[in-house]
Amino acid sequence: MFVFPESGIAIGSYKLKFKTWHKLADTTSVRKIEDVEKYLSQFDSTSLATDTAITDTTTTLAVKRTISIASLQFYNNDASAFYPFFASLDSAKLGKLVQIYHYGDSQIECDRMTGVLREKLQEKFGGNGPGLISPLPVAATTHCSQSQSDSWQRYTAYGYHDAKAKHNKYGPMCSYARFTPALKKQAIDSTNTKEAWFEMRPSGMAQMHSKTFHSATMYFGNNLFPFNLTVLADDKPVWQNKISVSASMQKLNWTFATTPKRIRFLFSGADSPDVYAVALRDTTGVLVNNIAMRGNDGNTFKKINSSEIVETYNDLGTDLIILQFGGNAVPHLRNEASARAYGQAFQAQIRYVKQCAPNAAIMVIGPSDMSTTFNGEYITWPHLEQLNEGMKEAAFAEGCAFWDMFAVMGGKNSMASWVTNKPPYAGPDYTHFTKAGANKMAELLYKAIDDEYMAWKSAFAPL
């Protein structure tokens, strides 16, 4: 290290570098959290409490909010946009169905984070079932076991690996599946009948309340020819019919006295419908839908026709929408200006979601810390902090809550400590949480929501 040139030695197209003595002795340039568990434990107690005066139609009430790095953030500390959602949570105990949609990138894939959040909310406010399930998920999930015939193909409004439609009717999960190619009507042989199936089963890896449900609703549409549908519950037929041609979204619902161990959907026809989702649920309590979109940077919603989204939202209800994105944009940021531009573009996406669900509370979650290497050290990607700040500004401008996952982790250069934690809280890609890390983050997210709920409860609906 004393004799090696600081600028390195060129060997063909490569450059070989060695850490300098000065860099080795520097303990301040890259921050490390020595004990992640101890660091996170600070959020278990009240860091700061403030009284916020909120005026309603009858009186002025002081809402005492608990504020820390891990709290939900609101513009001017005014959390009143979430009060209707908190009132809905209270009514869930009395028989109302409360719907939460958790949209995000691969950080929430396989029901990570969402599963813990769902279970804790269902424990407190009631409810069962995993919610909306894609007929052809991009990866196996823990909240529902699935299998399907080989003919199914996935169509998404995002990414590059899945098929793309010639229309923008992608539905509430921003994707759908078909068992025949999407062709023009004149190109389809109406006498050539195709058969396909998919089935869903409660997963042994799911949280307890996700394993139980008494209702299944399938959302589909856009079929050019009629098709036959048979539904089996535990290998016994419970429904069979011919479905007519439809260019719009349709739905079919089935109820069960006890949770089936297996539900199988059998299709037969010359042309497949676009199958958007199956909702496995109860009709009361809280339902949290996990909608993971691998590779998505959050700028997809405006590409999707709103009619199918709005119809599903109106049918199931929409009380809270969580938008957790940003990570997939980070490696492509060139400068601070591009980070600001992302924030502005994301604000337009929030505005579109608000148009689809005008009565829903909306929460934005920024990216986790993500590491790249520089001179042999794992450091935060350039401009990630500016992107995170831009997302917060976009959320505030649209009257939404913001949860700063980057700050909760420990801020700049914290990812390396999460990777080396025992057990590891993040994977060797220095980007994604492990299951243990995702669970820990979800517990903190739930606490942030519950703290705000309890502050509202104390002021507006005291026990």
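Values in this document were obtained by computation on a predicted structure and should not be read as measured data.

Draft legend 1. Focus on the layout of surface pockets. Reported here for the largest pocket is a volume of approximately 500 Å³. Gly159, Tyr160, Gly295, Asn296 and Asp297 are, among the 21 residues lining the largest pocket, the residues nearest its centre. In the lining of the largest pocket, the residues fall into seven nonpolar, nine polar and five charged. Together, 13 residues line the second largest pocket, and His167, Ala182, Leu183, Lys184 and Leu224 are the ones closest to its centre. Taken together, the residues of the lining of the second largest pocket sort by class into five nonpolar, two polar and six charged.

Draft legend 2. Local environment of the packing of aromatic side chains. With the rule as written, the count across this model stands at 33 aromatic pairs. Relative to tyrosine 176, the ring of tyrosine 170 lies with its centre 5.7 Å away and its plane at 35°, an arrangement referred to as tilted. The same class applies to tyrosine 170 and to tyrosine 176, which are both buried. One aromatic cluster in this structure is built from Phe74, Phe82, Tyr83, Phe85, Phe86, Phe125, Tyr453, Trp456 and Phe460. The side chain of lysine 185 reaches across the aromatic face of phenylalanine 225, ending 5.4 Å from its centre. Over the ring of tryptophan 197 we find arginine 264, and its NZ or CZ is 3.9 Å from the ring centre.

Draft legend 3. Representation of empty space enclosed by the protein in the model. On inspection of all chains with the given rule, the structure shows two cavities of 30 Å³ or more. Empty space within the largest cavity amounts to approximately 200 Å³. Looking at which element gives the most residues to the lining of the largest cavity, the answer is strand β17 (residues 285-292), with three residues. Around the second largest cavity, the lining residues are Phe43, Thr66, Ser68, Ala70, Ser71, Leu444, Lys447, Ala448 and Asp451. If one sorts the elements of the lining of the second largest cavity by residue count, helix α10 (residues 435-460) sits on top with four residues. Here the residues of the lining of the second largest cavity are counted per class, giving four nonpolar, three polar and two charged.

Draft legend 4. View of the sheet that holds strand β13 (residues 236-243). Reading across from one edge, β7-β10-β15-β12-β13 is the order of the five strands in this open sheet, with antiparallel pairing throughout. Whereas interior strands pair on both sides, the edge strands pair on one side only; in this sheet they are β7 (145-148) and β13. Geometrically, the sheet is characterised by an average inter-axis angle of 15° between neighbouring strands, direction not taken into account. Pairing analysis gives seven bridges linking strand β12 (residues 227-233) to strand β15 (residues 263-269), with the strands arranged antiparallel. Considered in β15, the bridge of asparagine 228 is made with serine 268.

Draft legend 5. Examining the pattern of salt bridges more closely. Counted by the stated rule, this structure contains 20 salt bridges. Linking arginine 65 and glutamate 452 is a salt bridge whose minimum nitrogen-to-oxygen distance equals 2.7 Å. Pair noted here: arginine 65 is in strand β4 (residues 60-67) and glutamate 452 is in helix α10, with a separation of 387 residues, a long-range link. For the pair formed by arginine 65 and glutamate 452, the shared burial category is buried. Among the salt bridges present, the one from aspartate 319 reaches lysine 96, with a minimum N-O distance of 3.4 Å. One end of the pair, aspartate 319, is in the loop between α5 (306-316) and β18 (320-324); the other, lysine 96, is in the loop between α3 (83-92) and β5 (97-104), with 223 residues separating them in the sequence. Residue classification places lysine 96 among the partly exposed positions, given a relative accessible area of 32%.

Draft legend 6. Local environment of a nonpolar patch on the surface. A cluster of nonpolar side chains, namely Ile9, Ile11 and Leu16, defines an oily patch on the protein surface of about 260 Å² accessible area. Owing to a relative accessible area of 45%, leucine 16 belongs among the partly exposed residues under this scheme.

Draft legend 7. Geometry of the environment of isoleucine 243. Relative to the helices and strands, isoleucine 243 resides in strand β13. Since its relative accessible area comes to 7%, isoleucine 243 is described here as buried. When the C-alpha atoms of isoleucine 243 and leucine 229 are compared, they prove to be 7.1 Å apart, with 14 residues separating the residues in sequence. Ignoring sequence-local partners within four residues, the contact set of isoleucine 243 consists of Phe220, Asn223, Pro226, Phe227, Leu229, Gln250 and Leu252.

Draft legend 8. Spotlight on the sheet that holds strand β22 (residues 401-403). With parallel pairing, the five strands of this open sheet are ordered in space as β17-β5-β18-β19-β22. The open sheet terminates on both sides in strands that have one partner only, identified here as β17 and β22. The mean inter-strand angle of the sheet, taken between neighbouring strand axes irrespective of direction, is 20°. Lying over the sheet, α3 contacts β5, β17, β18 and β19 (361-365), oriented at roughly 125° with respect to β5.

Draft legend 9. A look at the side chain of aspartate 282. Of note, aspartate 282 is situated in the loop between β16 (274-281) and β17. One buried charged side chain, aspartate 282, makes no salt bridge at all; its nearest oppositely charged neighbour is arginine 281, positioned 8.3 Å away. At 2.9 Å, the side chain of aspartate 282 forms a polar contact with the side chain of asparagine 128. A distance of 2.8 Å separates a polar atom in the side chain of aspartate 282 from a polar atom in the side chain of histidine 214. What aspartate 282 contacts, discounting residues up to four positions off in sequence, is Leu97, Asn128, Phe213 and His214.

Draft legend 10. Structural context of the packing of helix α4 (residues 114-125) against α10. Running from N to C, α4 and α10 point in directions that differ by 40°, and their axes come no closer than 8 Å. Between α4 and α10 lies a crossing whose hand is right-handed. Taken together, the residues of α10 that come into contact with α4 (itself represented by Val116, Leu117, Lys120, Leu121, Lys124 and Phe125) are Asn439, Ala442, Glu443, Leu445, Tyr446, Ile449, Asp450, Tyr453 and Met454. Class assignment for the residues of the contact of α4 with α10 results in 10 nonpolar, one polar and four charged.

Draft legend 11. Broad picture of the pairing of strand β9 (residues 175-178). Alternating residues of β9 divide into Ser175 and Ala177 and Tyr176 and Arg178, and every residue in both groups is buried. In this sheet, β9 lies alongside strand β8 (residues 153-156) in antiparallel orientation, the contact comprising four bridges. Residue arginine 154 lies in a different strand from β9, and its bridge partner there is alanine 177.

What counts as what
- Residues numbered from 1 in each chain as written.
- Predicted model: local features only at pLDDT ≥ 70, side-chain atom pairs only at ≥ 80, totals over all residues.
- Heavy atoms only, no water.
- 1 Å grid on protein atoms, 1.4 Å probe; cavity = no way out; pocket = protein on both sides within 12 Å on 5 of 7 lines; lining within 4 Å.
- Points joined across faces, edges and corners; volume = space filled by probe spheres on them.
- Nonpolar A, V, L, I, M, F, W, Y, C, P; charged D, E, K, R; others polar.
- Phe/Tyr/Trp six-rings, centres within 6.5 Å; stacked < 30°, edge-to-face > 60°.
- Buried < 20%, exposed > 50% of the residue type's maximum accessible area, 1.4 Å probe, protein only.
- Lys NZ or Arg CZ within 6 Å of the ring centre and 35° of its normal.
- Helix = DSSP H or I, 4+ residues; strand = E, 2+ residues; numbered from the N terminus.
- Pairing = 2+ DSSP bridges.
- Axes fitted to C-alpha atoms, helices over the stretch in contact; angles between N-to-C directions.
- Salt bridge = Lys/Arg side-chain N within 4 Å of Asp/Glu carboxyl O.
- Patch = residues over 30% accessible without salt bridge, like charges linked within 9 Å, V, L, I, M, F, W, Y side chains within 5 Å.
- Areas by Shrake-Rupley, 256 points an atom, 1.4 Å probe, with all protein chains shown as cover.
- Contact = heavy atoms within 4.5 Å.
- Lys, Arg positive; Asp, Glu negative; His and termini not counted.
- Polar contact = N/O pair within 3.5 Å; in protein donor to acceptor, adjacent residues only side chain to side chain.
- Left-handed = near helix turned anticlockwise from the far one by under 90°.

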